[in-house]
Amino acid sequence: MAKVTVWNENRHEKQNPLVGELYPIGIHGAIAGFLTEAGFVAGTATLDEPEHGLTDDVLNDTDVLIWWGHLAHGDVADEVVEKVRQRVLDGMGLIVLHSGHFSKIFKLLMGTSCDLKWREADEKERLWVVAPSHPIAEGIGEYIELEKEEMYGEHFDIPAPDELIFTSWFEGGEIFRSGCTFTRGNGKVFYFRPGHETYPTYYNKDIQRVIVNAVKWAKPVDRKRPVYGNAQPLEKISAKGN
């Protein structure tokens, strides 16, 4: 079973009593909890730990890294971001949640601003499944409806996704590409929009199912990695003139 590390900056939980009450063991703890119930080996890491909890040993033992950040993107050390990027290129899966769209690692892998419209108005969100045969959508109906969420709206400044799994509609009228897959090197990346810290989104069973499905999808393929650089020929080369 895949080994998952759930990374969370863990700042809202300390600074906002509402978030602390909603997620008493942190957003990372809540996510790791339902992943453990699903049979994964799930650990956590947070911003204020040494090396943000993402030591070489942790990263090398991680099949899929889940990333939640918001207040402190700039506090994440560039050298840690580079280590994560290299692990993704080497095959580690990466799932970026909600406001992680502005994280250093996501922006680095996308190569764009990753900017968007946003609004906090306690409005309904309906995430429509637009790729019903995709494994990330397994077990999900035609849509997921969330009573209250933060609005993210287009234009979402990302490269065209390899696959679009969910498109959100919001009560205020906006739409958003809420479930996007990408490949980077040997690794798979999934961006999933829901998860504002003041709402109980990560307790929603459908949201949990999507994240569980995404871990299964994003885990490394069991094969030998490609070898890069100067290569010896597989066949004898009959060079002209020899």
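Residues numbered from 1 in each chain as written. Predicted model: local features only at pLDDT ≥ 70, side-chain atom pairs only at ≥ 80, totals over all residues. Heavy atoms only, no water.

**Re the overall build of the chain**
At step 1: Along the backbone of the chain there are seven helices and nine strands.
At step 2: The C-alpha atoms of the chain give a radius of gyration of 19 Å, which matches the 18 Å a tight globule of 242 residues would have.
At step 3: Its C-alpha atoms give the chain principal-axis dimensions of roughly 75 × 40 × 35 Å.
At step 4: The buried share of the chain, reckoned over its 242 residues, is 49%.
At step 5: Excluding contacts between residues fewer than 6 apart, the proportion of contacts in the chain whose partners are at least 24 apart in sequence is 71%.
At step 6: If you sum the accessible surface of the chain, you get close to 11700 Å²; carbon and sulfur atoms cover 51% of it. (Helix = DSSP H or I, 4+ residues; strand = E, 2+ residues; numbered from the N terminus. Rg over C-alpha atoms; globule rule 2.2 N^0.38 Å. Buried < 20%, exposed > 50% of the residue type's maximum accessible area, 1.4 Å probe, protein only. Contact = heavy atoms within 4.5 Å. Areas by Shrake-Rupley, 256 points an atom, 1.4 Å probe, with all protein chains shown as cover.)

**Observations regarding the packing of aromatic side chains**
At step 1: Summed over the entire model, instances satisfying the criterion amount to eleven aromatic pairs.
At step 2: On the numbers, 6.3 Å between centres and 70° between planes, the contact of phenylalanine 106 with phenylalanine 182 is edge-to-face. Placement of phenylalanine 106 in helix H6 (residues 104-110) and of phenylalanine 182 in strand E8 (residues 175-184) is noted, with a sequence separation of 76 residues between them. In terms of burial, phenylalanine 106 and phenylalanine 182 fall into one category: buried.
At step 3: The rings of Phe106, Tyr152, Phe156, Phe176, Phe182 and Tyr191 are connected pair by pair, giving a single aromatic cluster.
At step 4: Arginine 126 extends its terminal NZ or CZ atom over the ring of tyrosine 143, reaching a point 5.4 Å from the ring centre. (Phe/Tyr/Trp six-rings, centres within 6.5 Å; stacked < 30°, edge-to-face > 60°. Lys NZ or Arg CZ within 6 Å of the ring centre and 35° of its normal.)

**Topic: the UniProt feature "domain: ThuA-like" (unreviewed entry) in the chain**
At step 1: Residues given the UniProt feature "domain: ThuA-like" (unreviewed entry) here are residues 3-218.
At step 2: From the first C-alpha to the last, residues 3-218 spans 11 Å; its make-up is 28% helix and 32% strand. (UniProt positions renumbered as here; feature names shortened; annotations may be inferred.)

**Observations regarding the nonpolar core**
At step 1: In terms of nonpolar packing, the biggest core is built from 38 residues, with Leu35, Ile66, Phe166 and Phe190 touching the most fellow members.
At step 2: Sequence-distant contacts of phenylalanine 190, defined by excluding residues within four places in its chain, comprise Leu94, Ile95, Val96, Ile136, Ile165, Phe166, Gly179, Cys180, Thr181, Val210, Ala214 and Trp217.
At step 3: Counting 32 residues, the second-largest nonpolar core is a separate cluster that includes Trp67, Met151, Ile158 and Phe176. (Core = buried A, V, L, I, M, F, W, Y, C linked by side-chain atoms within 4.5 Å.)

**Comments concerning helix H3 (residues 26-37)**
At step 1: Compared with the 16 Å implied by 1.5 Å per residue over twelve residues, the 17 Å span of H3 between its first and last C-alpha is a close match.
At step 2: Three or more residues of H3 are buried, namely Gly26, Ile27, His28, Gly29, Ala30, Ile31, Ala32, Phe34 and Leu35.
At step 3: Close packing links the buried residues of H3 with strand E1 (3-8), helix H1 (12-15), strand E2 (41-46), strand E3 (64-68), strand E4 (93-97) and helix H7 (205-218). (Expected span 1.5 Å × (residues − 1).)

**Observations concerning H7**
At step 1: Here H7 is 14 residues long and its end C-alpha atoms lie 20 Å apart, about the 20 Å a rise of 1.5 Å per residue gives.
At step 2: Of all 14 residues that make up H7, ten are buried, and the element is covered over most of its length.
At step 3: Considered for burial, the residues of H7 that qualify are Ile207, Gln208, Val210, Ile211, Val212, Asn213, Ala214, Val215, Trp217 and Ala218.

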